[in-house]
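Next come the chains, spelled out residue by residue.
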Amino acid sequence: MTFKWSSGEKPSGYNCIELIETLAPGSNKEKESFFCWNSEKATPGLKWSFAGPFDDMKCTKIFRQAEKSLKENYLCLPNDSPYNLAWSTTGPLEKKRMHRMGGGRR
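Residues numbered from 1 in each chain as written. Predicted model: local features only at pLDDT ≥ 70, side-chain atom pairs only at ≥ 80, totals over all residues. Heavy atoms only, no water.

Let's talk about the state of the cysteines
Under the counting rule described, the total for this entry stands at two disulfides. Each disulfide pairs two cysteine sulfurs, and for Cys16 the partner residue is Cys36, the sulfurs being separated by 2.1 Å. Between Cys16 and Cys36, the S-S dihedral sits near 100°, and the bridge is therefore right-handed. Taken together, the residues span a long stretch of sequence, with Cys16 in strand S2 (residues 14-22) and Cys36 in strand S3 (residues 30-38) at a distance of 20 residues. In this pair, the class of Cys16 matches that of Cys36, namely buried. Residue Cys59 pairs covalently with Cys76 via a disulfide, S to S 2.1 Å. Between Cys59 and Cys76, the S-S dihedral sits near 110°, and the bridge is therefore right-handed. Residue Cys59 is located in strand S5 (residues 57-62), and its partner Cys76 is located in strand S6 (residues 73-78); the two are separated by 17 residues in the primary sequence. Looking at Cys76, the relative accessible area reads 0%, which means it is buried. Going through the chain in sequence order and numbering each bonded cysteine, the pairs you get are 1-2, 3-4. (Disulfide = S-S within 2.5 Å. Helix = DSSP H or I, 4+ residues; strand = E, 2+ residues; numbered from the N terminus. Buried < 20%, exposed > 50% of the residue type's maximum accessible area, 1.4 Å probe, protein only.)

Structure (C-alpha cells):
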C-alpha cells in the first residue's frame, strides 16, 4: 500500500484521514494535515487521536521534540491490520519502509 502525508490539502488519487492537532493547551488554534492511502486500495482503518490511544487498536505515538504540547497524538490501526506503524524523530529506522511527515531535511 502506498501511504502519503500532506499538509493543507488532500492529494489527488488518495483517500485520507485528517490529523488535527491543538497547538497549545487551552488554545483553539489547530494545525491540520492528512495521512493518506492510494484510493484504489481498501481503507486500512486508520484513526487519529490527539487525546491518547484507542484501547481497541494498535496505536503509534506521534511526537515531535520541538512541539512539547503535542504529547498525546496517536496514529492507530485495527488490531488485525497487516500493517505495523513506527515513528522516528531521528531519521529512518533500519529495515523499515518510512514515510516522511512534515517539513525539514530528509
